[in-house]
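Tertiary structure, described
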Amino acid sequence: MTADKPLRADAQRNRDVLIAKAREVFDAGDFFDLRFDDFARLAGVGTGTLYRHFPTREALAEAVYHGEVAALCDRARRLQATLPAAEALATFLRGMVDHIAAHEGLARTLATLMADRSGARAEGGRALERAVTDLLAAAVRDGTVRDDVDAGAVMMALHGISAAHDRPDWRAEADGVITLVLDGLRRRRDWSNPV
């Protein structure tokens, strides 16, 4: 299978169902309890189909990861197209916390499986950072956020939130960090009284 040649409709459906099933299993945290061949059975396809699309667990994990990144980037674009710039940025960042909270098992499984696939993770990180850059740039143009903070700083905050997921009050603290980031980004008219 080459990246240039589109899949037949049935092959694409099989690939999609394998990715969807893997995502479910990852989310549940059960990935390492299964033999790789079990994914074929759970998805209702043959093992040959599984191996044709994904010769290894890591290849399947990478496909799930790319799907997650694409969905998050698509969400950023939809928000930017439909909401005022500052609201789109805030909604996206708060949605990232929701995503992290809802998909802890997925994140941990992907981190373990993709530890040696730094190129794929870096590519995904760059795509998300571009999405945040676009949201920030729109808010800067709109005059609602400062122009001296780049997306890298925002991404570091999101990475910190994700890395601290095992803290007892994680959700409240994560929401607090996003509020802090958004308050820090807000353009203030009077810097002599920043509070």
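Conventions adopted
- Residues numbered from 1 in each chain as written.
- Predicted model: local features only at pLDDT ≥ 70, side-chain atom pairs only at ≥ 80, totals over all residues.
- Heavy atoms only, no water.
- Helix = DSSP H or I, 4+ residues; strand = E, 2+ residues; numbered from the N terminus.
- Expected span 1.5 Å × (residues − 1).
- Buried < 20%, exposed > 50% of the residue type's maximum accessible area, 1.4 Å probe, protein only.
- Arc of directions from axis to C-beta.
- Core = buried A, V, L, I, M, F, W, Y, C linked by side-chain atoms within 4.5 Å.
- Contact = heavy atoms within 4.5 Å.
- Phe/Tyr/Trp six-rings, centres within 6.5 Å; stacked < 30°, edge-to-face > 60°.
- Domains from an automatic or database assignment.
- Salt bridge = Lys/Arg side-chain N within 4 Å of Asp/Glu carboxyl O.
- Polar contact = N/O pair within 3.5 Å; in protein donor to acceptor, adjacent residues only side chain to side chain.
- Nonpolar A, V, L, I, M, F, W, Y, C, P; charged D, E, K, R; others polar.

1. Some thoughts on helix α9 (residues 170-185)
With 16 residues, α9 extends 22 Å between its outermost C-alpha atoms, agreeing within 8% with the 22 Å of an ideal straight helix rising 1.5 Å per residue. Regarding α9, the residues found buried are W170, A174, I178, V181, L182 and L185. Projected down its long axis, α9 shows its buried positions confined to an angular sector of 110 degrees, all on one face. Opposite the buried face of α9, by more than 90 degrees, sit the exposed residues A172 and L180.

2. A short note on the nonpolar core
L89, F92, L93 and L136 are the most contacted members of the largest nonpolar core, which has 36 residues in total. The greatest single-element share of this core, amounting to nine residues, is contributed by helix α5 (residues 85-102). Sequence-distant contacts of F92, defined by excluding residues within four places in its chain, comprise L72, R75, A76, L79, L128, V132 and L135. One finds A22, A43, V45 and A63 within the second-largest nonpolar core, a separate group that totals 19 residues.

3. What about the packing of aromatic side chains?
A full pass over the atoms with the stated rule returns two aromatic pairs. Between F36 and Y51, the ring centres sit 5.3 Å apart and the planes meet at 85 degrees, which makes this aromatic pair edge-to-face. Here F36 is found in the loop between α1 (9-28) and α2 (38-43), whereas its partner Y51 is found in helix α3 (residues 47-53), with 15 residues between them in sequence. Accessibility expressed as a relative area gives 10% for F36, which makes it buried.

4. Description of the environment of F39
Mapped onto the elements of the fold, F39 is located in helix α2. Sequence separation between F39 and P6 is 33 residues; the distance between their C-alpha atoms is 23 Å. Not counting chain neighbours up to four residues away, the residues in contact with F39 comprise L18, A22, V25, F26, F31, L34, L50, R57 and L60.

5. A short note on the domain arrangement of the protein chain
One widely used convention gives an interface's size as the accessible area the parts lose upon coming together. Domain annotation for the protein chain reports domain 1 (1-55) and domain 2 (57-185). The C-alpha-based centres of domain 1 and domain 2 are spaced at 26 Å. Taken together, the contact between domain 1 and domain 2 spans 15 residues of the former and 16 residues of the latter. In this assembly, domain 1 and domain 2 are joined by one salt bridge. Here domain 1 is connected to domain 2 by four residue pairs in polar contact (both at pLDDT 80 or more). Residue contributions to the side of domain 1 that touches domain 2 peak at seven residues, all from α1. A breakdown of the residues in the side of domain 1 that touches domain 2 according to their chemical character gives 11 nonpolar, no polar and four charged.

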